[in-house]
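Chain residues, written in single-letter form:
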Amino acid sequence: MDKLTIIKVGGKIVEEEATLRKLLQDFSALEGYKILVHGGGRSATKIASQLGIESQMVEGRRITDAETLKVVTMVYGGLVNKNIVAGLQSLNVNALGLTGADMNLIRSEKRPVTTVDYGYVGDVKEVNSTLLVSLIKQGIVPVLAPLTHDKEGNMLNTNADTIAGETAKALATSFDVTLVYCFEKKGVLRDENDDNTLIPLINRNTFAQLVTEGVIQGGMIPKLENSFQAIEAGVKEVIITKADAIAPGQGTCVK
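Residues numbered from 1 in each chain as written. Predicted model: local features only at pLDDT ≥ 70, side-chain atom pairs only at ≥ 80, totals over all residues. Heavy atoms only, no water.

A. View of the pattern of salt bridges. Inspection of every chain in the model, using the stated rule, returns 14 salt bridges. For the salt bridge of Lys236 with Asp176, the shortest nitrogen-to-oxygen distance reads 3.8 Å. A residue pair is termed long-range when its members are at least 10 positions apart, and Lys236 in the loop between α8 (220-232) and β13 (237-242) and Asp176 in strand β11 (residues 176-183) qualify at 60 residues. For Asp176, a relative accessible area of 25% corresponds to the partly exposed category. Salt-bridge contacts for Arg204 lead to Glu232; the nearest nitrogen and oxygen are separated by 3.1 Å. Of the two residues, Arg204 is situated in helix α7 (residues 204-212) and Glu232 in helix α8; the sequence distance between them amounts to 28 residues. For Arg204, a relative accessible area of 35% corresponds to the partly exposed category. Of the residues examined, Glu232 reaches a relative accessible area of 56% and is grouped as exposed. Connected through salt bridges with shared partners, the residues Lys8, Asp161 and Lys223 form a single ionic network. (Salt bridge = Lys/Arg side-chain N within 4 Å of Asp/Glu carboxyl O. Helix = DSSP H or I, 4+ residues; strand = E, 2+ residues; numbered from the N terminus. Buried < 20%, exposed > 50% of the residue type's maximum accessible area, 1.4 Å probe, protein only.)

Okay, structure coming up:
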């Protein structure tokens, strides 16, 4: 099968001119088919504040009320997405910016209220893999904003990591998929304060051992659990790395 690389990058990288330029140059240099999935939370928080809308967060997750939904739709689907698309076009990458609502690409359901009411937040139920395959085979590079819809006329704020993971799973039967999660460290580290302690390869057995030893903890545990779920769904490999190191052979490889 043809190779497909899905890069997920956080908001900070795509919201600053210098880091965005470097990311897009590295992304444009990747060989084969590719998809870029982006966040944009810092921009959403800033613009919401300018509009007099207070951002509410619970354990790092945004509460999306009706007014906040308007802001994230504007920022993620407009400002951030189109800046990325324009930057890629300047590098001769034929990018197409999309939300989950465009062409019914990603359908979600509003997250049920449990101990926390997250508001207009979507849990992904279906990715239109047929449509994505068609676009990719035409040489189009999808740029996916962290927004989905419920097919009842409502947009839903949706975690970018989840969109990247669900998209990778959906396309694993059509491509040889590598999923790359970019964050602020070089990868999974034995000592989070020392970039020289990178763990180059993690499988289920080493993961369990590292959790028991306390080496892997906190937010890295669900990130790796999601990575293993992607592998079990047919994704060839998941890479966790720094945003300026998305070229093959860098970061931590999850298999």
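Read on, since the account is not over.
B. Structural detail: the environment of Glu152. Among the structural elements, Glu152 can be located in the loop between β9 (147-149) and β10 (155-157). By relative accessible area, which is 66% here, Glu152 ends up exposed. C-alpha of Glu152 to C-alpha of Arg62: the two residues are 90 residues apart in sequence and 22 Å apart in space.

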